[in-house]
Amino acid sequence: MTIDLSQFHQVFYDESFEGLDSMEELLLSLSEGDADNEAVNTIFRAAHSIKGGSATFGFSAVAEFTHILESLLDEMREGQREVTTEAISLLLQSVDCLRDMLQSLQENGECDSTTSEELGKKFLAMSEGGSNEESENDSSGSANNGSTNSGSANSDEWLIAFKPESHILNNGNEPLRMFRELAMMGECKVKLAESSVPKWGEFQPDELLLNWEVFLKADIDQEEIDEVFEWVIDECELTITHPEKNDSDEGSEETKE
């Protein structure tokens, strides 16, 4: 079962350009050492939204580049990296780059990745420069905000059970986008729950009756997985656990009846 996602392209472009304008305005309001967590978090959320939408529509160059700058913003909002003039300047250049990439996609369906690749190298160089060591040591604690899991420290392996509600595609929430985002984090294997496949007579073209298990191997915090599903958390049953642990108290479970 498929859905024509092109009908959502214009909405994506409109929301993305609006998000980029917001990012630019907030970045210009920051200054060296500015710890305006609300502003940084808003900038991060705008970038995250653009990345998710890009992945949904197969705009891989935009999604991959946005993921790079999103990582830097995540370090800032978690207190792992200070806000510097260099970082602000690089992020502003990235906003311009993303705007150009999206405009090109909107006009002719293609975009030039030359600038984004150059900026990506600068992000890498900045990342290799390190982050605040003290904050790095405390990162596992700060990443647990809002989580129901008392054991969501870094783990190499994750098991994600995802059962979306049947109408989820009508809202433009394509599971493939979520799987792509997870695959960007590490080694990802998606397994369809065969029991969820409807019989031919029960098939409805406008309903999604499938559910999946995702095995993810990545050195990440659970919060990063939660963010992938944050747009559909009220429209699915979601369970995130560590498969190597049998204790039912480990991992987290977020469901909607």
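Along each chain, the written sequence defines residue order, and numbers are assigned to residues from 1. Local features in this predicted model are restricted to residues of pLDDT 70 or higher, and side-chain atom pairs are both shown and tallied only at a pLDDT of 80 or more, whereas totals for entire chains, interfaces and linings draw on every residue. The side-chain figures draw on all heavy atoms in the structure; neither hydrogens nor water molecules are used.

Asker: Quick question: what am I supposed to make of the overall build of the protein chain here?
Answerer: What the protein chain contains, in helices and strands, is 9 helices and 5 strands. Reading the protein chain from its N terminus to its C terminus gives the helix and strand order α-α-α-α-α-α-α-β-α-β-β-α-β-β. For the exposure calls, accessible area comes from a 1.4 Å probe over protein chains only, and a residue counts as buried if that area is under 20% of its type's maximum, exposed if over 50%, partly exposed in between. Looking at the 257 residues of the protein chain, the share that counts as buried comes to 42%. Once local pairs closer than 6 in sequence are excluded, the contacts in the protein chain between residues at least 24 apart make up 76%. A helix here means a DSSP run of H or I that spans at least four residues, while a strand means a run of E at least two residues long, and both kinds are numbered starting from the N terminus. Should any heavy atoms of two residues lie within 4.5 Å, those residues are considered in contact.

Asker: Explain the environment of Gly53 here, please?
Answerer: Tracing the sequence through the fold places Gly53 in helix 2 (residues 37-56). Taking the C-alpha atoms as reference, Gly53 lies 9.7 Å from Glu15; in sequence the two are 38 residues apart. Ignoring anything within four residues of it in the chain, the contact list for Gly53 reads Phe12 and Arg177.

Asker: Got a minute to help me understand the pairing of strand 3 (residues 212-220) in this structure?
Answerer: Look at any regular strand and the pattern is simple: side chains alternate between the two faces of the sheet. A one-sided burial pattern is seen for strand 3, the buried positions being Trp212, Val214, Leu216, Ala218 and Ile220 and the unburied ones Glu213, Phe215, Lys217 and Asp219. Strand pairing follows a simple DSSP-based rule, namely that at least 2 bridges must link the two strands. Two elements, strand 2 (residues 187-192) and strand 3, share 6 bridges in a ladder whose sense is antiparallel. Bridge assignment links Lys189 to a residue of strand 3, and that residue is Phe215.

Asker: Whenever I open this one, helix 1 (residues 9-29) confuses me. Can you help?
Answerer: Think of an α-helix as turning once every 3.6 residues; residues three or four places apart then point the same way. Helix length check: helix 1 (21 residues) gives 30 Å between terminal C-alpha atoms against 30 Å at 1.5 Å per residue, within 8%. Every buried residue belonging to helix 1 is among Phe12, Tyr13, Ser16, Phe17, Gly19, Leu20, Met23 and Leu27, and all of these are buried. Angularly, the buried residues of helix 1 cover 165 degrees about the axis, an arc narrow enough to put them on a single face. Within helix 1, the exposed residues directed more than 90 degrees away from the buried face are Glu15, Glu18 and Glu25. In the core, the buried residues of helix 1 are packed alongside helix 2, helix 3 (60-77) and helix 4 (85-108). In a helix, the anticipated span is given by 1.5 Å times the number of residues less one. Our arc is simply the arc of the directions from the helix axis toward the C-beta atoms.

Asker: Just to check I follow, could you spell out the layout of surface pockets for this structure?
Answerer: Any space left empty among the atoms is revealed by the rolling of a water-sized probe across them. Detection works on a 1 Å grid of protein atoms alone, calling trapped sets that fit a 1.4 Å probe cavities and calling open sets with protein on both sides within 12 Å along at least five of seven lines pockets, with lining residues defined by an atom within 4 Å of a point. Grid points are joined across faces, edges and corners, and a volume is the space filled by probe spheres set on the points. Of the volumes computed, that of the second largest pocket is approximately 500 Å³. Broken down by secondary-structure element, the contributors of at least two residues to the lining of the second largest pocket are helix 1 and helix 2. With 8 residues, helix 2 is the largest single contributor of residues to the lining of the second largest pocket. Gly is placed with the polar residues, together with every amino acid not listed as nonpolar (Ala, Val, Leu, Ile, Met, Phe, Trp, Tyr, Cys and Pro) or charged (Asp, Glu, Lys and Arg). Across the lining of the second largest pocket, the residue classes tally to 7 nonpolar, 10 polar and 3 charged.

Asker: Looking at this structure, I do not really get the pattern of salt bridges. What am I missing?
Answerer: As a working rule, side chains carrying opposite charge can pair if their charged atoms are close by. Salt bridge criterion: a side-chain nitrogen from Lys or Arg within 4 Å of a carboxyl oxygen from Asp or Glu. Scanning the model with the defined rule gives 9 salt bridges in all. For Glu70, the salt bridge identified is with Lys51, shortest N-O distance 2.9 Å. Of the two residues, Glu70 is situated in helix 3 and Lys51 in helix 2; the sequence distance between them amounts to 19 residues. Across this residue pair, the class does not change: Glu70 and Lys51 are buried. Across the pair Arg99 and Asp96 runs a salt bridge whose closest N-O atoms are separated by 3.3 Å. In this pair, Arg99 and Asp96 both sit in helix 4, 3 residues apart, roughly one turn of the helix.

Asker: Looking at this structure, I do not really get a negative patch on the surface. What am I missing?
Answerer: On the surface, a cluster of negative charge is contributed by Asp156, Glu157, Glu187 and Asp219. Mapped onto the secondary structure, Glu187 falls in strand 2. Taking the relative accessible area as the measure of exposure, Glu187 reaches 46% and is therefore partly exposed. Each patch is built from residues that are more than 30% exposed by relative accessible area and take part in no salt bridge. Like charges join if they lie within 9 Å; nonpolar side chains (Val, Leu, Ile, Met, Phe, Trp, Tyr) join within 5 Å. Under the convention used here, a 1.4 Å probe and the Shrake-Rupley method define accessible areas, while residue burial counts only the protein chains that appear. In this count, Lys and Arg are taken as positive residues and Asp and Glu as negative ones, while His and the chain termini are left out. Charge positions are represented by NZ for Lys, CZ for Arg, CG for Asp and CD for Glu.

Asker: Explain the nonpolar core to me, please; I cannot follow it from the model alone.
Answerer: Definition used in this section: a nonpolar core is a set of buried Ala, Val, Leu, Ile, Met, Phe, Trp, Tyr and Cys residues joined via side-chain atoms within 4.5 Å. One finds Met23 and Leu69 to be the most contacted residues of the largest nonpolar core, which totals 37 residues. In terms of residue count, the dominant contributor to this core is helix 4 (11 residues). Beyond its immediate sequence surroundings of up to four residues, Met23 is in contact with Ile43, Ala46, Ala47, Ile50, Leu69 and Val95. Formed by 22 residues, the second largest nonpolar core is a distinct cluster that contains Ile168, Leu169, Met185 and Ile240.

Asker: Explain the confidence of the model for the protein chain here, please?
Answerer: For the protein chain, per-residue confidence averages 78 on the pLDDT scale, and 78% of positions sit at 70 or higher. Known as pLDDT, the predictor's per-residue confidence is scaled from 0 to 100. Helix 7 (residues 139-142) is the least confidently modelled element of the protein chain, averaging 36 in pLDDT, while helix 4 averages 92, the highest of any element. Segment residues 131-154: pLDDT under 50, and 41 contacts once partners within four positions in sequence are set aside and those in other chains are kept. Overall, residues 246-257 carries pLDDT values under 50, and its contacts beyond four positions in sequence, including any with other chains, amount to 30 contacts.

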